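These are the residues of each chain, in order.
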Amino acid sequence: AQREAETDMTGQVCVIAGGGPGKTRANAHRLARGVLAGVYDPRRVLAVTFAPRAAGEMRGRLQALGVDGVQARTFHSAALRQARYFWPQVTGSDLPRIAESKLPWVNAAAGRCRVSTERAMLRDLASEIEWAKVTNVSPELYAAAAAKAGRQLLGADHATVARVYAMYEELKSDRSVMDMEDILLAGVGLLSSHPGVADAVRSQYHHFVVDEYQDVSPVQQRLLDLWLGSRDDLCVVGDPAQTIYSFAGANADYLVGFL
């Protein structure tokens, strides 16, 4: 089964396997075979995962197999790299500063909305804001979407969370600050609203690999779709039983329903 995955180098490929059977190894060998056989230009490959350590491991595996030049990045790293390059061209200004943490901004927003600023509450509010943003839910739509999804926050109803979320976004905008989800949203906005940006990215990357695909969120899937454009050269790897980010909007249905 690993050899079959490694030698299927074009079109859509989906590898579903449990923990420990060598998914990452097969993924790296597939890319290396493709590059060494001349099927892939390593400069035209983007391998995406969810953790910097995993991206570094992929680069190390490929180098050990004699392959250099493949871009192995997290979704956030890839989106940030593109945003830093294209944002000034589109807006005429530098990309906003990236906040190191949501908590100071959530704290300020909660205070202005007269909501508890105890640390546990701030963490819960930050998690709700993250869920809303990765599922493309605006502050105006949060209450209805959260109710439909069965989201509950001890000590704050949906309307209260929506007010804090709106204030949080307002404070960041006033001070030209982005959070981690904004990086993904900026990538989506640049590619979807500016055809020249989309064309440039699609000319750069022709082949895509996504590891741990069970953890992809709606905004990450949207970004991936925009990277691909009309291409279908995509290999996804994962295990639906190992989804660990469903609380933050990850949806294993993208993996299960891939083909």
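Everything here concerns the structure above.
Residues numbered from 1 in each chain as written. Predicted model: local features only at pLDDT ≥ 70, side-chain atom pairs only at ≥ 80, totals over all residues. Heavy atoms only, no water.

(A) Focus on the overall build of the chain. The number of helices and strands found in the chain is 12 helices and seven strands. Here the C-alpha atoms of the chain give a radius of gyration of 20 Å, agreeing with the 18 Å that 2.2 N^0.38 yields for 259 residues. Seen through its principal axes, the chain has C-alpha atoms that stretch 60 × 45 × 30 Å. Expressed as a percentage of the 259 residues in the chain, the buried residues total 47%. For the chain, contacts bridging at least 24 residues in sequence account for 74% of all contacts bridging at least 6. Carbon and sulfur atoms provide 49% of the accessible area of the chain, an area that totals close to 12,500 Å². Averaging the positions of the 28 positive and the 29 negative side-chain charges in the chain gives two centres separated by 4 Å. (Helix = DSSP H or I, 4+ residues; strand = E, 2+ residues; numbered from the N terminus. Rg over C-alpha atoms; globule rule 2.2 N^0.38 Å. Buried < 20%, exposed > 50% of the residue type's maximum accessible area, 1.4 Å probe, protein only. Contact = heavy atoms within 4.5 Å. Areas by Shrake-Rupley, 256 points an atom, 1.4 Å probe, with all protein chains shown as cover. Lys, Arg positive; Asp, Glu negative; His and termini not counted. Charge placed at Lys NZ, Arg CZ, Asp CG, Glu CD.)

(B) Quick peek at the packing of aromatic side chains. Across all of its chains, the model carries seven aromatic pairs by this definition. With a centroid separation of 6.4 Å and 10° between ring planes, the pair formed by F208 and W227 is classed as stacked. Here the residue F208 occupies a position in strand β6 (residues 207-210), and W227 occupies one in helix α11 (residues 218-228), the gap between them amounting to 19 residues. Each member of the aromatic cluster is reached from another via a ring pair, and the members are F50, F75, Y205, F208 and W227. (Phe/Tyr/Trp six-rings, centres within 6.5 Å; stacked < 30°, edge-to-face > 60°.)

(C) Just the pairing of strand β2 (residues 45-49), in detail. Within β2, five of the five residues are buried, which leaves it mostly tucked inside the rest of the structure. Bridging between β2 and β6 involves four bridges; their strand directions are parallel. Paired with V45 across the bridge in β6 is H207. Pairing of β2 with strand β3 (residues 71-74), which is carried by four bridges, proceeds in the parallel orientation. Bridge pairing in β3 places T49 opposite T74. Viewed along the sheet, the connection from β2 through helix α3 (residues 52-64) into β3 turns out right-handed. (Pairing = 2+ DSSP bridges. Right-handed = clockwise from strand over helix to strand, strands pointing away.)

(D) Here's a closer look at the packing of helix α4 (residues 75-91) against helix α10 (residues 195-204). As a packed pair, α4 and α10 sit with axes 11 Å apart at the nearest point and diverge in direction by 150°. In terms of their interaxial angle, α4 and α10 are classed as roughly antiparallel. Along this stretch, α4 crosses α10, giving a crossing that reads as right-handed. Facing α4, whose interface residues are Q82, F86 and V90, α10 presents V197, A200 and V201. (Axes fitted to C-alpha atoms, helices over the stretch in contact; angles between N-to-C directions. Parallel < 35°, antiparallel > 145°, perpendicular 65-115°, else oblique. Left-handed = near helix turned anticlockwise from the far one by under 90°.)

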